[in-house]
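# What the coordinates show
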Amino acid sequence: NPIRNWQNKSIDTERASAGIGLKLKSQLSMKSIAPLAERMRPNSISEILGQDHLLGPHCSLRSLLDGESLPCIILAGPHGTGKTSIARLIARCASCRFVALSLLSKSATFEIQGIIDEAKQARKFGQKTVLFVETLNGFSKSHQECLIQAIEAGYVVFMGGTTDNPSVDLISSLLMRCRILTLRRLHHEHLCNVMKRAISDLERGIHISLGDVPVVEVLAIEDEVIPFIATSADGDARIALNALEGA
């Protein structure tokens, strides 16, 4: 029957289209999910691992968080130790706006001036701005001089991250205004704990990356994979979480 055959083809086409639509929707949804390392950034100071020398009672960072004023800070330490995460949490504890800047952009000078202009407006409403430079390598003298006046006026609290000696990258007039906090390389046990947290956290963890994989199967990877990844990551939590997500 030609009519019945046409109807069957129409139904098959609709089903195929619906299937493609669901598949595309699923793909788009996965693309919109942030990487595991980004999702698992510490939400509180208590979630930061391996930096007890800064976070214990009466220690440098703890005293800064408990104080009324927030100084400019340089976070110096190896890759993947939590420099950006700590800067975010400091800004949150101080009720400040947080703006991260990568100096890899060719328009960095214009971006800095734009951030300063926005900080001036925010200051009118009683809100300070933390400007975090993700890496001080390439932080030119002109960039730094542009910031000093804004720092002196109280528009911006400057923070920076580096794996090198800060005195190599900063001009003396900016360096003298900064408190330097040194982060330690994460140990094997710290990386294991970071990954175990990513496995057990149902809201931010590896379950989101894996979609429909049963929880039991996710938990089963813990004993055999985690120690190996922790050793390979060489103290870098970001590398460990990226490897876990791709395992």
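To start, this report covers the structure provided alongside it.

About the criteria used
- Residue indices follow the written sequence of each chain, beginning from 1 at its first position.
- Since the coordinates come from a predicted model, pLDDT governs what is reported: local features require at least 70, and pairs of side-chain atoms require 80 or more to be given and counted, while whole-chain, interface and lining totals use all residues.
- To get the side-chain values, take all heavy atoms of the structure and skip hydrogens and water.
- Here a strand is any run of E in DSSP of at least two residues, a helix any run of H or I of at least four, and the numbering for each starts at the N terminus.
- Note on exposure labels: buried denotes an accessible area under 20% of the residue type's maximum, exposed denotes more than 50%, and partly exposed covers the range between, all computed with a 1.4 Å probe on protein chains only.
- Contacts are assigned to residue pairs that have any heavy atoms within 4.5 Å of one another.
- Areas reported as accessible are Shrake-Rupley estimates using a 1.4 Å probe. Residue values count occlusion only from the protein chains shown.
- Every helix has an expected span of 1.5 Å times one less than the residues it contains.
- What makes a salt bridge here is a side-chain nitrogen of Lys or Arg within 4 Å of a carboxyl oxygen of Asp or Glu, nothing more.

## Overview of the overall build of the chain
When helices and strands are tallied, the chain shows 14 helices and five strands. In the chain, which comprises 247 residues, the proportion classed as buried is 40%. Within the chain, residue pairs in contact and separated by at least 24 positions form 77% of the contacts whose partners lie at least 6 positions apart. A total of about 14200 Å² of accessible surface is found on the chain, and carbon and sulfur atoms cover 53% of it.

## With respect to helix α7 (residues 141-153)
Compared with an ideal rise of 1.5 Å per residue, which puts 13 residues at 18 Å, α7 spans 19 Å between its outermost C-alpha atoms and is within 8% of the ideal. Residues His143, Gln144, Leu147, Ile148, Ala150 and Ile151 constitute the buried set of α7. Residues of α7 that are buried make contact with β1 (72-76), α6 (108-124), β3 (129-133), β4 (156-162), α8 (166-169) and α9 (172-175).

## Some words on the pattern of salt bridges
Applying the stated rule across the entire model yields six salt bridges. For glutamate 118, the salt bridge goes to arginine 97, with nearest N and O atoms at 3.5 Å. Highlighted residues: glutamate 118 in helix α6 and arginine 97 in strand β2 (residues 97-101), separated in sequence by 21 residues. With relative accessibility at 46%, the residue glutamate 118 sits in the partly exposed group.

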